[in-house]
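Each chain is listed here by its residues.
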Amino acid sequence: MSQVVPQSADSLHAELRALIASSRQRLAGAVNAELTRLYWSVGERLRTEVLGGADRAKYGDQLINRVGDQLAQEFGRGFEAKNLRRMVQFAQAFPLPEIVATLSRQLSWSHFVNLLPLKTEPARQFYASQAAANTWSVRELRQQIERKAFERTELAALQAPIPQTTPALVFKDPYFLDFLGLRQGHDEADLEAAILRQLEAFILELGRGFAFVERQKRMVIDGDDFYLDLLFYHRRLRRLVAIELKLGRFKAAHKGQMELYLKWLDKHERQLGEEAPIGLILCAESSREQVELLQMHKDGITVAEYWTELPPKAELERQLHAALIEARERLARRGVLLGDLDDA
């Protein structure tokens with residue numbers, strides 16, 4: 001006669017299973033953090049030993065090869081010469097041990113390896129902090145780097161050099177919507193429908209923290225019906241995000257439309273404890289001078305282009321680089337003008 005297992009045994013099993021799994025996860029995280037700190041310490045020691053001057057470069061290379069052979073025999077291929085050089089790069093790219101200690105609790109060694117080829121410190125800091133805050137996998141980090149998230153975020157942020165209503169590091173410019181598979185001659189309804197079919201991919205392109213609320217949000221104002229294309233909520237910022245889709249080039253009239261929507265949302269949809277709604281106008285082509293003159297960031301509105309096809313990597317880099325230079329030059333001219341006005 002078989003014994004009947006009491007229901008309490010099942011719940012006890014589930015509780016203990018969760019306890020064991022959680023402990024293993026913490027242990028794996030602790031091991032990863034310790035390994036990362038070890039790699040930094042090895043790289044820092046080698047850096048101070050072999051990079052004392054240009055005349056020691058040849059000596060340093062020979063020393064790393066020799067030490068790498070010895071360590072690889074004792075501790076495995078993870079410490080062979082090519083990996084020791086990577087540890088030196090790691091110590092050079094992240095010179096502060098306290099920063100490494102903090103990041104190593106959330107990022108794996110593989111995360112750091114993907115950060116090393118980045119050419120500037122601001123780019124490394126951006127991707128490292130975003131990967132840690134948003135718990136990006138190594139694959140997600142690699143994809144964000146390939147799709148130039150740092151440059152696009154910087155370009156969008158240059159619309160508001162001094163953060164005011166619109167929070168920094170929320171929007172990008174342009175947005176890459178190549179995954180929608182849109183054909184020539186599509187209209188705004190096609191674009192909206194494609195986004196909803198690929199909603200998960202669209203939210204990933206927007207960034208972590210966005211949650212879909214509603215499409216074609218109806219607003220009744222003075223007896224007339226108005227419809228907002230897409231409404232999202234950003235959990236970390238605790239505010240609604242209104243998104244309008246425009247097929248053509250940005251027009252100044254788009255600002256007034258979005259301002260109306262944001263004021264209605266602020267009055268009728270904003271919940272207790274939430275911040276004021278913000279808006280994103282996605283256009284096929286931006287008009288940067290109009291956006292600058294309208295100072296839309298003061299009203300919590302960002303304008304960005306969307307691209308339904310991606311150019312080759314070299315062309316993408318060239319276009320984003322040119323756009324950043326242009327935006328910085330406009331910002332510099334604005335600073336000069338503001339300075340002149342203050343002196344007058």
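These numbers were taken from a predicted model, which means no experiment stands behind them. (Residues numbered from 1 in each chain as written. Predicted model: local features only at pLDDT ≥ 70, side-chain atom pairs only at ≥ 80, totals over all residues. Heavy atoms only, no water.)

A few points about the overall build of the chain
Counting its regular elements, the chain contains 13 helices and six strands. Here the chain holds 344 residues, and the buried ones make up 41% of them. The long-range share in the chain, meaning contacts at least 24 apart out of those at least 6 apart in sequence, stands at 61%. Here the chain displays about 20100 Å² of accessible surface, and carbon together with sulfur accounts for 52% of that area. (Helix = DSSP H or I, 4+ residues; strand = E, 2+ residues; numbered from the N terminus. Buried < 20%, exposed > 50% of the residue type's maximum accessible area, 1.4 Å probe, protein only. Contact = heavy atoms within 4.5 Å. Areas by Shrake-Rupley, 256 points an atom, 1.4 Å probe, with all protein chains shown as cover.)

Focus on the confidence of the model for the chain
For the chain, the mean per-residue pLDDT works out to 80, and 85% of the residues sit at or above 70. Confidence, expressed as mean pLDDT per element, reaches its minimum in the chain at helix 13 (residues 313-343) with 63 and its maximum at helix 5 (residues 109-115) with 94. Low pLDDT, under 50, characterises residues 162-166; the stretch is placed with 14 contacts to residues that sit more than four places away or in other chains. In this model residues 336-344 is a low-confidence stretch, pLDDT under 50, and it forms zero contacts with partners more than four residues away in sequence or in other chains. (pLDDT = per-residue confidence, 0-100.)

Details of the layout of surface pockets
Computed from the structure, the largest pocket encloses a volume of approximately 640 Å³. For the lining of the largest pocket, the secondary-structure elements that each account for two or more residues are helix 6 (121-133), helix 7 (138-146), helix 8 (149-157) and helix 13. With six residues, the top contributor of residues to the lining of the largest pocket is helix 13. Classifying every residue of the lining of the largest pocket gives eight nonpolar, three polar and nine charged. The volume enclosed by the second largest pocket comes to roughly 390 Å³. (1 Å grid on protein atoms, 1.4 Å probe; cavity = no way out; pocket = protein on both sides within 12 Å on 5 of 7 lines; lining within 4 Å. Points joined across faces, edges and corners; volume = space filled by probe spheres on them. Nonpolar A, V, L, I, M, F, W, Y, C, P; charged D, E, K, R; others polar.)

Quick look at the pattern of salt bridges
Using the criterion set out here, one finds 13 salt bridges in the structure. The salt bridge partner of arginine 77 is glutamate 80, with a shortest N-O separation of 3.9 Å. You can call arginine 77 exposed: its relative accessible area is 63%. Across the salt bridge formed by glutamate 275 and arginine 238, the nearest N and O atoms sit 3.6 Å from each other. On the criterion of sequence distance, the pair formed by glutamate 275 in the loop between helix 11 (252-268) and strand 5 (278-285) and arginine 238 in the loop between strand 3 (224-234) and strand 4 (239-249) is long-range, its members being 37 residues apart. Owing to a relative accessible area of 32%, glutamate 275 belongs among the partly exposed residues under this scheme. Beyond isolated ion pairs, a larger network of salt bridges with shared partners links Arg77, Glu80 and Lys82. (Salt bridge = Lys/Arg side-chain N within 4 Å of Asp/Glu carboxyl O.)

A word on the packing of helix 6 against helix 8
A packed helix pair is summarised by two numbers, namely the angle formed by the two axes and the spacing between the axes. Closest axis-to-axis distance for the helix 6/helix 8 pair is 10 Å, and the angle between their directions is 100°. With respect to helix 8, the element helix 6 is oriented roughly perpendicular. Side by side, helix 6 and helix 8 meet where Pro122, Ala123, Phe126 and Tyr127 of the first sit next to Ala149, Phe150, Glu151 and Thr153 of the second. Taken together, the residues of the contact of helix 6 with helix 8 break down into six nonpolar, one polar and one charged. (Axes fitted to C-alpha atoms, helices over the stretch in contact; angles between N-to-C directions. Parallel < 35°, antiparallel > 145°, perpendicular 65-115°, else oblique.)

A short note on the sheet that holds strand 2 (residues 210-221)
The strands that make up a sheet pair up through hydrogen bonds in the backbone, lying either parallel or antiparallel. A sheet is described by the order of its strands in space; here six strands give the open sequence 1-6-5-4-3-2, paired in mixed fashion. Two strands close off the open sheet at either side, each with one partner strand: strand 1 (175-176) and strand 2. Relative to strand 5, strand 4 runs parallel, the two sharing seven bridges. The residue bridging leucine 245 from the neighbouring strand is leucine 282, located in strand 5. Packing of helix 10 (residues 199-206) onto the sheet brings it into contact with strand 1, strand 2, strand 3, strand 4 and strand 5, and relative to strand 3 it is tilted by some 70°. Set on the sheet, helix 11 makes contact with strand 2, strand 3, strand 4, strand 5 and strand 6 (301-307); between it and strand 4 the angle comes to about 160°. (Pairing = 2+ DSSP bridges.)

Some points on the pairing of strand 6
Residues in a regular strand project their side chains so that they alternate between the two faces of the sheet. Across the seven residues that make up strand 6, a large majority, seven, are buried. Where burial is concerned, the two faces of strand 6 agree: the one with Ile301, Val303, Glu305 and Trp307 and the one with Thr302, Ala304 and Tyr306 are both buried. Summarising the sheet, strand 1 and strand 6 pair through two bridges and their orientation is parallel. When the bridges of strand 6 are listed, phenylalanine 176 appears paired with tryptophan 307. Note that strand 5 and strand 6 share five bridges and pair parallel. Looking across to strand 6, one finds that leucine 282 is bridged to alanine 304. Taking the sense of rotation as the criterion, the β-α-β connection linking strand 5, helix 12 (residues 288-294) and strand 6 turns out right-handed. (Right-handed = clockwise from strand over helix to strand, strands pointing away.)

With respect to the nonpolar core
Within the largest apolar cluster, 34 residues are counted, with the highest numbers of intra-cluster contacts made by Phe90, Phe94, Phe112, Leu115 and Tyr127. Looking at this core, the elements that each hand over two or more residues are helix 1 (7-50), helix 3 (81-93), helix 4 (97-103), helix 5, helix 6, helix 7 and helix 8. With seven residues, helix 3 is the largest single contributor of residues to this core. With sequence-adjacent residues up to four places away left out, phenylalanine 112 is seen in contact with Thr36, Phe90, Phe94, Leu103, Ser104 and Leu107. In terms of nonpolar packing, the next biggest core, distinct from the first, is built from 23 residues, Leu177, Leu199, Phe210 and Ile278 among them. (Core = buried A, V, L, I, M, F, W, Y, C linked by side-chain atoms within 4.5 Å.)

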